[in-house]
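Descriptive analysis of the structure
Okay, here's what each chain looks like letter by letter:
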Amino acid sequence: MKHLLLKKICSIVLAALLIVMAAGIGTGALAEGKVTKTKVLVWHTFSGSEKKVFEKEIVAAFNKSHEDIRIMPVAMDCALSTVLSMEADHKAPDILVMPIDRIGSFVGENLLENLADEDGFDAVKASQFAILYDLMSEEGGCYAIPFNTLIDVAVYNQAALGGADAPATLEELAALQKTVAVSACDADSLLPLFLNAGGAVMDEGYTTAVGYLDGENSVKALETLAAMKDLFHVCEEGTSPLSGVVAGEDLMAVTNSKAFSVDGIGTDGLVAAVVPTANGAAAGSVIDCEAVTVLASSKVKEQAWQFVQYLAGEEAQGILAKCGDLPANVTAAQNVDATDNPFAGAYFEAMNGARMSVVDREQNAVMGFMDRAFEKAMNGIKAPKDVLTLCASQIDAVLNGSEIPQDEDDVLLEAENGVLCGGTRVAESDAASGGKYIIGLDYADGEPNKIVFENVPVDKRGTYELQICYMSAMTGDIGVKVNGVRIPCAYTPTDPNWNFVPNVVSIKVPLKGDGTDSLEFCDYDATAYAGIDYVKLIYKSDAYEELVEGEAQEDPAADGRIEFESGELYGTAVANPQNGASGDKIVTGIDPAPDTPNKVIFNNLPAKRDGQYILKVTYSTVMDGTLEVIVNGESMDLDWYLTDQTGTWAYAAGEVSMEIPLKGDGTDTLEFAIKNPYTYLMLDYFNLEYINENLILEAEDAAFFGGVRAAKSVDASAGKYVIGLDYAKNEPNKIVFENVPVDKCGTYEMMICYMSAMSGNIGVRVNGVRVPCAYTPTDANWNFVPNVVSINVPLKGDGTDVLEFCDYDESAYAGIDYVELKYVSDEYDPLIEGGHTAFWSGKLSSVFIAGASNKPGDILLEAENGVLYGITRTADSGAASGGKYVIGLDYAAGEPNKIVFNNIQAEKGGTYQLDICYMSAMSGNIGVKVNGVRVPCAYTPTDPYWNFVPNTVSINVTLKGDGSDALEFCDYDATAYAGIDYAKLVYVDN
Amino acid sequence: MFKKVVSVAVAAALLMAMMGCCAGIAEQDPHDIEGTVTIAVPAWNITDLQVQIGDFLDAYPYIDVEIDPFGSEGAQTYLTAQAQTNSMPDVLVGDWDSLPFSVSQGWVMPLDEFLANDEEAEYVPASLLADYTYLGKVYALPMDLQFQCVAINLDLLDELNLDQPDYDWTVDEYTDLMKAATTSKTSGTERLWGFDSYMIPALNAEAGYNAYNPETKSFDFTNQWSAAFKLFKDLRAIPGLEAWMMRNSNVDGATSDYTRKFGESDADDMDMAFKSGKVLSESFMLTSDASWMRYMNFEWEMYPLPQVEEVGSRQCMHANHGFMLKGAECPEAAYELLKWLTTGAEGNVKKMEMYSEKDGDDVTTGYLWYFPSTLHPDVVEAFGDNPHIQGGIQYMYEHMGTAVRSDLYKIVPGFEQINNECIESIINDARDDRREAAAVAAEMDEKANKRLALAWLEFEERLMANED
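What comes next is a walk through the structure. (Residues numbered from 1 in each chain as written. Chains lettered and ligands numbered in written order. Predicted model: local features only at pLDDT ≥ 70, side-chain atom pairs only at ≥ 80, totals over all residues. Heavy atoms only, no water.)

Quick notes on the overall build of chain B
A count of helices and strands for chain B gives 20 helices and 13 strands. Restricting the contact set of chain B to residue pairs at least 6 apart, pairs at least 24 apart contribute 74%. Split by element, the accessible area of chain B, about 18300 Å² in all, is 50% carbon and sulfur. (Helix = DSSP H or I, 4+ residues; strand = E, 2+ residues; numbered from the N terminus. Contact = heavy atoms within 4.5 Å. Areas by Shrake-Rupley, 256 points an atom, 1.4 Å probe, with all protein chains shown as cover.)

Here it is as structure tokens:
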């Protein structure tokens, strides 16, 4: 028995030994006993310091304390469409953390779990600010847990307050005679002040605005704000109101903690307080939050709920406070350390009487109406009572689904009442205003397909908001012309199936208001289409700025000048205000003094090329003298001369220049100092001009066609580059250099400086012949980041050369900064359109032009040169003859989609072989009509994926040879499609 | 005695345990590496990658990973934008763009030092690493493999009383099967378009897809295309064998032989006949097409391309790649993560477990398996254990070492443009009998090789300049 026991114990010990051995000598982590944790996949919308705190501190702390769960966070857009797409593939995450105003749409798609049913939900809810739950509830459930508290407070520049306390009322604020920064004078910006002045939007149940928004207190609140209009400083578009407060230009801005946690603005020099009130109203800030949701499809709901509870708890919420947000957890909010979050006290105080940011249960569907009402009242266009009365009825109409009342001062133009030109036509939909909308605005050369409104009935000169109600399945640009000048107006898809689903886009336009204004609408993008329901004009202000076709507004900075005050000022060098100077500032104090380096230094000069530059210095002075200019450490002298004859040191600009060498690699430095004692001058700005033996053609100096326009960038050559070269039929959007001033016949290297977020092909035409030139992306966000591509081209050098540029690829876009031409050799091999050429550039980016060879007497008809009817359009391919072929010959009754060649110049009558070069993925029948008579011409597939792979079919046809012959091409088979590259006629016999 | 035995056994156990632990530390187990890695991953597959990276973090407890998704614009555009803002990731995986572009920008870190110290690298087929080797340095690791394959309708095979072929079937067996399946009501295959391009490597030991030879960095249609082209033409010459050709009978707009034989359910669908169940095979398919094949209402299986005895299996393969960026904060940690997601044994075993556990009814994308890019024994075993994998798929995986790349645009500089303009636009002249194949081959070789030589030269000059 003892032996057996011993044997058993030994066995156990040996088994343990083996296990321990295995653990000890295994190399794999799993063999070491590390467990595989359950993964909870989290998508969130945080960025900046919020992202860092969420991923690196909150999630890390949870993962550390949970041995069996690993949270895997990643920043995603969390857009409904993205989540729906991933759901369809069973690849959705488990948790979304996103702005609260998206919850409704997700609930509508049944994507979210009702968290109210979870164990512990009541405890979580009880621990958080109750008001936040007003935002979480949808359709009787609770589908999200608040993660933070975003509450509006008034943030002041402490110095601008001058030691005084933050004003408690708007009246006290106005008395300080400083400004409040706002993004716009609309409801979105002014709502916190409106509510604190006694205004209201809706009843507590969000069922009606009538009696609230148009109530006596609301009218008084808006009147109060309108009376203080001068108090508000509207910031430039794209800038944060808070930046003006930080800079001391404005006293106050209303904001929540996002400005600090995401935008990265520091709180130093700022103080926060409750938003000031007016009219004796109680303070009541606007509250918002981000929320945590669990996807209904999650297979790890239990673990996901554990994490949600953790996020709502004191530990996570305490960490969250570090990035500047106020926790949603009450205890954590009360415990926030003021050193971590100096504005927490103000946030907490603002919680008293706070109201939700979402003004209606339709997730702010009515904010557009409120914005316009507020703008009209604030700009003095209409009385507050009138705009609020109308707006309240509009909101109720939105909520009830009834017809929305219009402001009688707005001008509503039904598209079907405009003059319909070309192929535009009426379509019907019960959902359209007036039951009708207009389609067929497809772009064509000369814009024949358009809607025109002449003598627009507006009676005030000024700026109007032009609202365009449209429908489309695509993104594009509604080509709007206001008094003949095109204004871009981008649109996004409304329905992928071309059903009538309306949306409204707005742009600001200047109108004369004298009864002679005109508006025109046609598709701007050749490959995108939109229908238009109506347009509405809403008067915004009396500001009127005449539109100018194709010209950018001049900006002094656009000439590439560098202000001296932007340099590093050493010693006694100082920037002082100076009327008349560029930027209203000059630099003085660079006179020599013992042991004191008084100078201005510029590091990392924006010179882009290695070589000689002309340095031009603009200055003002009452005496002659010499500047010491130190170029990359090498001292050079630059004499200056008296400019101010009065001797009063008034500003009188003069310019001196010298030649200097620069490396052009971004590391060049320039230093400026006065060489001799007792001589003084005021330095204003300087320019650097590259001295180039090559010919530089600035894109902005070319002739502009179509929608081409200049854009500005300090990084662009001469401060400008050209955009809008988007391909359209017959290339109306292009720049052209005529009579290019090169004086030698031969081969030139053409260097094209461009910018793009895409890869594509710059369509270059050299003396009328297209030369492909591929480019790659330079910046994904369309910022001006230049790059240069090169091709070799033959030029005649007799002063008659012509260069044209437009986007070659219809779906790729590039801007052009400049074109540089460098003489390479006297070899001149002219390019031939559609023909083989022996020309070889020696660069990868250049390609042969393939196409049809043509014997004398043959008649080559490039499809793109025919008359294109209906929806036929050109497509590009480097393999196509002439770089183009024609698609869209789809059969329709009456054959409206076709290519027609009239008056073919056949020299004699008789039989001709008609070769048709086509491409298709199908078999079918090209419908050929010869002098009106159909001739069958079968074709077979050339490529199953619709790539441009050409093939040629031939038939014999009879021509009269009197110059009146006509050929037509359209798809014969309704369900088969072919593109046509070219047709060739070869005489056979008579 | 009893006490003594127990004491000795316990002491021995403790000693062994200590030795084991010490050995791990002394050998600097990679799992103990500390560091932070930022990784860019394709957003389309983000949740799978979240799980895979989560598994990595389980195994590497001292490494922290930050995930940065990039969208459908691709790695080239993403990295261009990141470079502008000096915010490059440490690692990027799932790239389907041109690797030469990223390498030529000077962004990509050579991996040779890491591979030299990586015992598992020997299980990555040398040919796969060679695809990413420029001027003697390896710049990326393969992942997400796919193969060109022949899908066979097993129900129709039964119906026609034909035997299911072996996975190492010969070209003759393939040809015989296609012929046997061609009847008045059925056809052998849907399309043969491009079949010759894919069959070049199967019939020639020296050439790859489209007669590209990675050794000489040139095309050789003149000498390597003829056998594959003859096979293609011989098959196409058999009336009714290729369903697609029957579409060409439509000369006057009336119903074609194709629709008369296979119906008019959706003639715009390039695979209508095969989907109708009346065609035995689809010879123009990637294994990833399992995503839609799973909706077929017949039993099917994916077969490797047929072979000839003297050459053996030479499949046409696609692959995405992952690489490390220069400036990675902790290169050792970055390499471990890169390896986990590409060629490493542990990562692939865990990934295969994830795929094995998926419920076939719960996955609409059809990705119930994937091809690992390593033949490490543990991975081979895990692959074999996946219940969703069929024999043909298994065969392709086991023979990836002799496969050639047919997605050459990802690894050969300038390939896409050259292939489009100098090959694809010309080759149909021969396929459709408009020109002699020999003349077409000569023209393609001359045009494409001139362009290709220049592209390689320009790329390698940039690479050398970057390395200086």
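A word on the sheet that holds strand β35 (residues 625-631) of chain A
Residues and elements named next belong to chain A. Pairing within the open sheet is antiparallel, and its five strands lie in the order β30-β33-β38-β35-β36. The sheet is open, and its two borders are formed by β30 (568-570) and β36 (634-640), each paired with just one other strand. Direction aside, the axes of adjacent strands within the sheet are offset by 25° on average. In this structure, β35 lies alongside β36, joined through seven bridges in antiparallel fashion. Bridged to Val629 within β36 is Met636. (Pairing = 2+ DSSP bridges. Axes fitted to C-alpha atoms, helices over the stretch in contact; angles between N-to-C directions.)

Focus on the sheet that holds strand β1 (residues 38-44) of chain A
Within the open sheet, the five strands sit side by side as β2-β1-β3-β14-β6 (chain A). Their pairing is mixed. A single partner strand is all that each edge strand has here, and the edge strands are β2 (69-75) and β6 (145-146) of chain A. In terms of strand pairing, β6 of chain A meets strand β14 (residues 290-294) of chain A through two bridges, oriented antiparallel. Bridge pairing links Ile145 of chain A to Val292 of chain A in β14 of chain A. Along the sheet, helix α2 (residues 48-65) of chain A makes contact with β1, β2, β3 (95-99) and β14 of chain A, crossing β2 of chain A at roughly 170°. The sheet strands contacting helix α2 (residues 46-59) of chain B are β1 and β2 of chain A, and the helix crosses β1 of chain A at an angle near 130°.

Concerning a negative patch on the surface
A contiguous patch of negative charge, built from Asp166, Asp168, Asp172, Glu173 and Asp176 of chain B, is present on the exposed surface. Inspection of the secondary structure puts Asp166 of chain B in the loop between α7 (154-159) and α8 (171-180). (Patch = residues over 30% accessible without salt bridge, like charges linked within 9 Å, V, L, I, M, F, W, Y side chains within 5 Å. Salt bridge = Lys/Arg side-chain N within 4 Å of Asp/Glu carboxyl O. Lys, Arg positive; Asp, Glu negative; His and termini not counted. Charge placed at Lys NZ, Arg CZ, Asp CG, Glu CD.)

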